[in-house]
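# Fold and geometry: a report
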Amino acid sequence: MADAVIVSAIRTAIGTARKGTLADTTALELAHVTIAESVRRAGVDPHRVDDIIFAESGWGGGDIARHAAVTTGMINAPGQSVNRHCAGGLTAVGNAAAAIRADMNHIVVAGGVQSTSTAPVMHWRVPGTSDQYEENWLSPTHPDTADAPNRDASISVGWNTAVAAGISREDMDRWALRSHRRALEAIDRGVFKDEIVPVEARRADGTFVVFDTDEHPRRGTSYEKLAALKPLHPEIEGFTITAGNASGVNDAAAALTLANADLAADEDWERLATVRSWAAVGVPPARMGLSVLDVIPKALQKADLHISDVDLWEINEAFASVPIAACRGLGIDDDRVNIFGSGCSLGHPVAASGARMLTTLVHELRRRGGGIAVAAMCAGGGQGGAVVLEVH
């Protein structure tokens with residue numbers, strides 16, 4: 001089987017939902033921009049794209065991938081939307097790589113998009129009534145239970161993980177502070193310049209502004225400020241999850257163009273990275289944040305690799321407790337994890353985060369002259385996802 005290689009990897013800057021620069025830019029628009037630019041940067045004829053696989057979560061259904069295929073002129077690409085919540089972007093890339101390695105497709109665009117700002121308000125009829133409807137309803141990923149509420153990840157992910165792994169409030173606040181400092185340093189150094197595609201973002205007054213810089217990290221953050229934040233559930237004794245050691249609510253999109261390695265060589269497309277393996281796992285919903293401890297070894301085993309072989313890690317900070325638990329549980333050097341920040345600082349545009357993480361890893365490994373990287377994250381309902389990359 002020919003390898004699946006990444007021939008372009010780009011993303012938008014990450015906006016703060018509802019009050020940020022992308023507040024009036026829809027998921028459809030973000031998908032269009034990133035998919036079109038990813039193909040352009042790869043140097044691929046758009047009409048040769050076999051499929052578009054794009055993750056979306058909470059945007060009301062439909063098929064964003066096919067919508068983008070039409071608006072970008074890639075009418076021959078059918079378009080498939082996937083939903084594995086937080087791990088959706090990783091799943092899209094894994095599915096694309098699988099189709100290429102099976103020789104079913106030769107060129108696939110994969111990624112994800114999240115526009116929390118413009119997500120539609122959904123209604124459903126309350127069971128047992130004929131005309132009562134509940135608004136602002138999201139389809140749950142798992143049954144609601146006391147130990148894993150399906151609408152409160154601060155308990156089902158953040159708190160459960162902290163308790164299970166013995167992680168303190170101070171541990172999480174210090175990790176979050178480091179995340180902000182790393183993200184701001186990266187922004188100031190222009191680290192993300194090559195991976196970000198500017199977006200003409202619509203303002204409320206109808207004018208447009210070019211958005212090309214992540215806006216969620218807080219420059220005034222300090223340990224003292226984080227430590228002063230109130231826990232999200234003060235009624236729960238000892239509760240340690242706050243808005244500061246949790247991820248942001250955000251808008252963004254990311255897209256990677258993957259191709260058959262032999263085809264890429266024949267066409268002289270720049271092969272940025274090889275997708276070595278991918279994996280997903282299911283765990284009890286109350287153990288959701290610990291799923292990374294299961295999915296990382298699974299993905300590495302499929303690539304015949306070990307923890308010590310990995311040069312860089314992105315372990316999404318849905319809550320700071322998740323990467324801390326992964327590092328402690330698997331013996332990962334935390335200096336190699338989220339070196340440019342993650343969910344607590346850059347933000348967590350749910351369906352786009354996995355593709356964003358892979359994009360950042362590809363570009364950083366290229367700057368370093370090669371290596372192995374892993375992107376991993378927990379996901380709604382008690383899931384975990386991971387992708388292993390190699391840059392030669």
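Bear in mind that the values here come from a model prediction, so they are computed numbers and not experimental data. (Residues numbered from 1 in each chain as written. Predicted model: local features only at pLDDT ≥ 70, side-chain atom pairs only at ≥ 80, totals over all residues. Heavy atoms only, no water.)

### Quick notes on the layout of surface pockets
Gaps between atoms show up when a probe of the same size as a water molecule is rolled over them. Heads up, the condition is: Using protein atoms alone on a 1 Å grid, points that fit a 1.4 Å probe yet trap it form a cavity, whereas open point sets bounded by protein on both sides within 12 Å along at least five of seven lines form a pocket; residues with an atom within 4 Å of a point count as lining. Grid points are joined across faces, edges and corners, and a volume is the space filled by probe spheres set on the points. Comment: elements are numbered from the N terminus, with helices defined as DSSP H or I runs of at least four residues and strands as E runs of at least two. Side-chain classes are defined by residue name, with Ala, Val, Leu, Ile, Met, Phe, Trp, Tyr, Cys and Pro counting as nonpolar, Asp, Glu, Lys and Arg as charged, and the others, Gly among them, as polar.
Of the pockets and cavities examined, the second largest pocket occupies roughly 170 Å³. As for the second largest pocket, its lining consists of V7, S8, A9, I10, R41, D194, E270, L272, H363, R366 and R367. Only β1 (4–11) and α10 (350–368) provide two or more residues apiece to the lining of the second largest pocket. At four residues, the largest contribution of residues to the lining of the second largest pocket is made by β1. Residue classes in the lining of the second largest pocket are distributed as four nonpolar, two polar and five charged.

### Focus: the pattern of salt bridges
Applicable threshold: Whenever Lys or Arg places a side-chain nitrogen within 4 Å of a carboxyl oxygen from Asp or Glu, that contact is recorded as a salt bridge. Throughout this description, buried means an accessible area under 20% of the type-specific maximum (1.4 Å probe, protein chains only), exposed means over 50%, and partly exposed covers the range between.
Scanning the entire structure with this criterion turns up 18 salt bridges. Note that R11 is salt-bridged to E195, the shortest N-O span being 2.7 Å. Pair noted here: R11 is in strand β1 and E195 is in the loop between α5 (169–189) and β8 (199–202), with a separation of 184 residues, a long-range link. On the basis of relative accessible area, R11 is assigned to the buried category, the value being 0%. You can call E195 buried: its relative accessible area is 0%. With a shortest N-O distance of 2.5 Å, R276 and E390 are connected by a salt bridge. Highlighted residues: R276 in strand β11 (residues 273–282) and E390 in strand β14 (residues 383–391), separated in sequence by 114 residues.

### A look at helix α8 (residues 292–302)
Every α-helical turn comprises 3.6 residues, leaving residues that sit three or four positions apart pointing alike. Selection rule: Taking the helix axis as origin, the arc is that swept by the directions to the C-beta atoms. Note on contacts: a residue pair qualifies if any of its non-hydrogen atoms lie within 4.5 Å across the two residues.
All buried positions along α8 are accounted for by V292, V295, I296, A299 and L300. All buried residues of α8 fall inside an arc of 130° around its axis, so they share one side. Packed against the buried residues of α8 are β11, β12 (312–315), α9 (321–330), β13 (371–379) and β14. Downstream of α8 by a residue or two, D304 has a phi angle that is positive, lying close to 60°.

### A closer look at the side chain of T16
Short version of the rule: Polar contacts here mean pairs of N or O atoms no more than 3.5 Å apart (in protein, one a potential hydrogen donor and the other a potential acceptor; neighbouring residues in sequence count only if both atoms are side-chain atoms).
In this structure, T16 sits in strand β2 (residues 15–16). Classification of T16 by relative accessible area gives buried; the value is 13%. Within polar-contact distance, the side chain of T16 engages the side chain of H216 at 2.9 Å. Leaving out residues up to four positions away in the same chain, T16 has contacts with E215, H216, V249, N250 and D251.

### A closer look at the packing of aromatic side chains
Heads up, the condition is: Only Phe, Tyr and Trp rings take part, Trp by its six-membered ring, and two of them pair if their centres are within 6.5 Å. Stacked means planes under 30 degrees apart, edge-to-face means over 60, and tilted covers everything else.
One pass over the full model with this rule turns up two aromatic pairs. A ring pair is formed by W159 and F239, whose centres lie 5.0 Å apart and whose planes are at 40°; its orientation type is tilted. A residue pair is termed long-range when its members are at least 10 positions apart, and W159 in helix α4 (residues 153–165) and F239 in the loop between α6 (223–228) and β10 (250–260) qualify at 80 residues. The two residues W159 and F239 agree in class, both being buried. Ring geometry for F192 against F340: centres 5.8 Å apart, planes inclined by 90°, an arrangement best described as edge-to-face.

Any functional reading would require information beyond the geometric quantities listed.
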